[in-house]
Amino acid sequence: MFNKEDNLLRLKDASRAMEICNACRYCETLCPVFPQITQFRTFDEATLNYLSNLCHNCKGCYHSCQYAPPHEFNLNIPKTFSELRVDSYIKYAFPNILGKLFAKNGTVVSIIIALCIALLFIAGSYFNSADSLFTAYDGKGSFFKVIPYEVMTLVSALIFLHVIIAFIVGFRRFWTENGDKMSELTDLSLWKYAMGAVATLKHLDGGDNGHGCNHMDDRFTHSRKWYHHAVMYGFILTLISTTLAAIYHHFLGLQAPYDFDSLVVITGALGGILMVIGCVGLTYIKIKADPIPISQKLLGMDYSFIAILALVNITGLLLLVFRDGIYMPSLLCIHLGFVLAFFLIMPYSKFVHLLYRLGALLKYAKYVKNN
């Protein structure tokens, strides 16, 4: 989808836009990008990659800009930065070949999901204690009668290791591209600023005015921020649920499935519901949004990521509801297939924007600290 020639044209256009913005400065209170660009006179690739990942895509600058289309300057910062971000995801990806492969995100994601679900059904059919995948199981450890615990643990551990390595290498490539040193990350004040901005999504507030973003049109609203909160905190709750389940299993000798009033189920179910709500809301916003400041090339990546995230949680909730019936083995295979696919594509999908935006906020924290 993105080739080197297109990337060079985008870098040239982004550099031109930043030089105009640097002269204008009307948007200086909207987000961190505009005060940050005052520190530069020229904009090379590393600087533009940093700025594009610092952009939260609130579209406030587009609707405020006197040089936006139909002006002859044709500035469209949200669209330009969106495409540069994806170029940077491909550049930083480890291994690089997977980053290029996942540029065709929608197609590749669909194939991986289908393969993962098929593999889980094959595994379920092979290991299943009964003659059919439509068999009701009772009691603790019933999930492991379909897919053995050792198989689940081994596959999960290998994928988790791959994700961690890909994230570390990708983050290092991003962080050091414009000369920053990894040792600077030991400064806790940078983390305090960046994590505070992530936890509150303060840069989706619409700048100093705090009236929200223009993500659908020129009206201000906070809805995108709240849907992002639902996804983010829902994801954190499911991580807590998974961690608690591991503690229950390894240290308390308690096997899944757990009681409905256990912390594992409560946090997992609440997290799943929050993420489904967030995914539905973000999809609605994308459908209703003004298409001009949006890169149509990236919609496949956006929709495929939202869809797989929603399906991971919907199948998880269905498994919770039907875990004592004959549909449990099939639902378990489908749910684990979506989970497997989600984690496999995590370093190359839209999810990775969390990693590089955190890195950009850490870089911006350096600017705030030194000025």
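Residue positions are given per chain, counting from 1 as you read along its sequence in written order. The predicted nature of this model means local features are confined to residues of pLDDT at least 70 and side-chain atom pairs, given and counted, to a pLDDT of 80 or more, with totals for whole chains, interfaces and linings taken over all residues. Side-chain metrics in this entry use all non-hydrogen atoms of the structure; hydrogen atoms and water are not considered.

**Q** Run through the pattern of salt bridges, naming residues and quoting values.
**A** Put simply, a salt bridge is a Lys or Arg side-chain nitrogen that is within 4 Å of an Asp or Glu carboxyl oxygen. Tallied over the entire structure, the rule returns 15 salt bridges. With a closest N to O distance of 2.4 Å, Asp187 and Lys369 form a salt bridge. Here Asp187, found in the loop between α8 (149-176) and α9 (188-200), pairs with Lys369, found in helix α14 (residues 353-370); they are 182 residues apart in sequence, far enough to count as distant. Exposed residues in this analysis have more than 50% of their type's maximum accessible area, buried residues have under 20%, and partly exposed residues fall in between, with area computed by a 1.4 Å probe over protein chains only. Given the relative accessible area of 23%, Asp187 is considered partly exposed. Of the residues examined, Lys369 reaches a relative accessible area of 52% and is grouped as exposed. Each of Asp180, Glu184, Lys363 and Lys366 takes part in salt bridges that share partners, so that together they form one network. A run of H or I in DSSP counts as a helix once it spans at least four residues, and a run of E counts as a strand once it spans at least two, with each numbered from the N terminus.

**Q** Hey, could you go over the nonpolar core for me, with residue numbers and the actual values?
**A** Counting 95 residues, the largest nonpolar core has Met18, Val33 and Phe342 as its most contacted members. Domain borders in the structure are assigned automatically or taken from a domain database. Counting the residues that make up this core, at least three belong to each of domain 1 (4-91) and domain 2 (94-370). Apart from the residues within four sequence positions on either side, Phe342 is in contact with Phe235, Phe305, Ile308, Leu309, Val312 and Phe351. We call a set of buried residues a nonpolar core when its members are Ala, Val, Leu, Ile, Met, Phe, Trp, Tyr or Cys and they connect through side-chain atoms within 4.5 Å of each other. In this analysis, two residues are considered to be in contact whenever any of their non-hydrogen atoms come within 4.5 Å of each other.

**Q** Please give an account of the packing of aromatic side chains that cites residues and values.
**A** Note on ring pairs: Phe, Tyr and Trp rings are taken, using the six-membered ring of Trp, and paired if centres are within 6.5 Å. Classes follow the plane angle, with under 30 degrees stacked, over 60 edge-to-face and the rest tilted. On inspection of all chains with the given rule, the structure shows 18 aromatic pairs. Ring-pair connections join several aromatic residues into one group, and the members of that group are Phe167, Phe235, Phe305, Phe342, Phe343 and Phe351. Lysine and arginine charges are scored as sitting over a ring when NZ or CZ, respectively, is within 6 Å of the ring centre and within 35 degrees of the ring normal. The ring of Trp226 carries the charged tip of Lys225 above its face, separated from the ring centre by 5.3 Å. The cationic tip of Lys363 hangs over the ring face of Trp175; the distance from NZ or CZ to the ring centre is 4.7 Å.

**Q** Describe the UniProt feature "transmembrane region" (unreviewed entry) in the chain, and please don't skip the residues or the numbers.
**A** UniProt positions are given in the numbering used here, feature names are shortened, and annotations may be inferred rather than shown by experiment. As annotated in UniProt, the feature "transmembrane region" (unreviewed entry) corresponds to residues 108-127, 147-171, 230-251, 263-287, 299-320 and 326-348 in the numbering used here. As a span, residues 147-171 carries 92% helix and 0% strand, and end to end its C-alpha atoms are 34 Å apart. Strand forms 0% of residues 230-251 and helix 100%; the C-alpha atoms that close the span are 31 Å apart.

**Q** Break down the domain arrangement of the chain for me, citing the residues and quoting the values.
**A** Taken domain by domain, the chain holds domain 1 (4-91) and domain 2 (94-370). Summarising the inter-unit geometry, the C-alpha centres of domain 1 and domain 2 are found 28 Å apart. The interface formed by domain 1 and domain 2 includes one salt bridge. Measuring nitrogen to oxygen at the nearest pair gives 2.3 Å for the salt bridge that ties Glu177 to Lys91. Those elements giving two or more residues to the side of domain 1 that touches domain 2 turn out to be α2 (33-37), α3 (45-54), α4 (60-64) and α5 (77-92). For the side of domain 1 that touches domain 2, the element with the most residues is α5, which contributes nine residues. Per-class residue counts for the side of domain 1 that touches domain 2 are 13 nonpolar, 12 polar and seven charged. In this classification, Asp, Glu, Lys and Arg are treated as charged, Ala, Val, Leu, Ile, Met, Phe, Trp, Tyr, Cys and Pro as nonpolar, and every other residue, Gly included, as polar.

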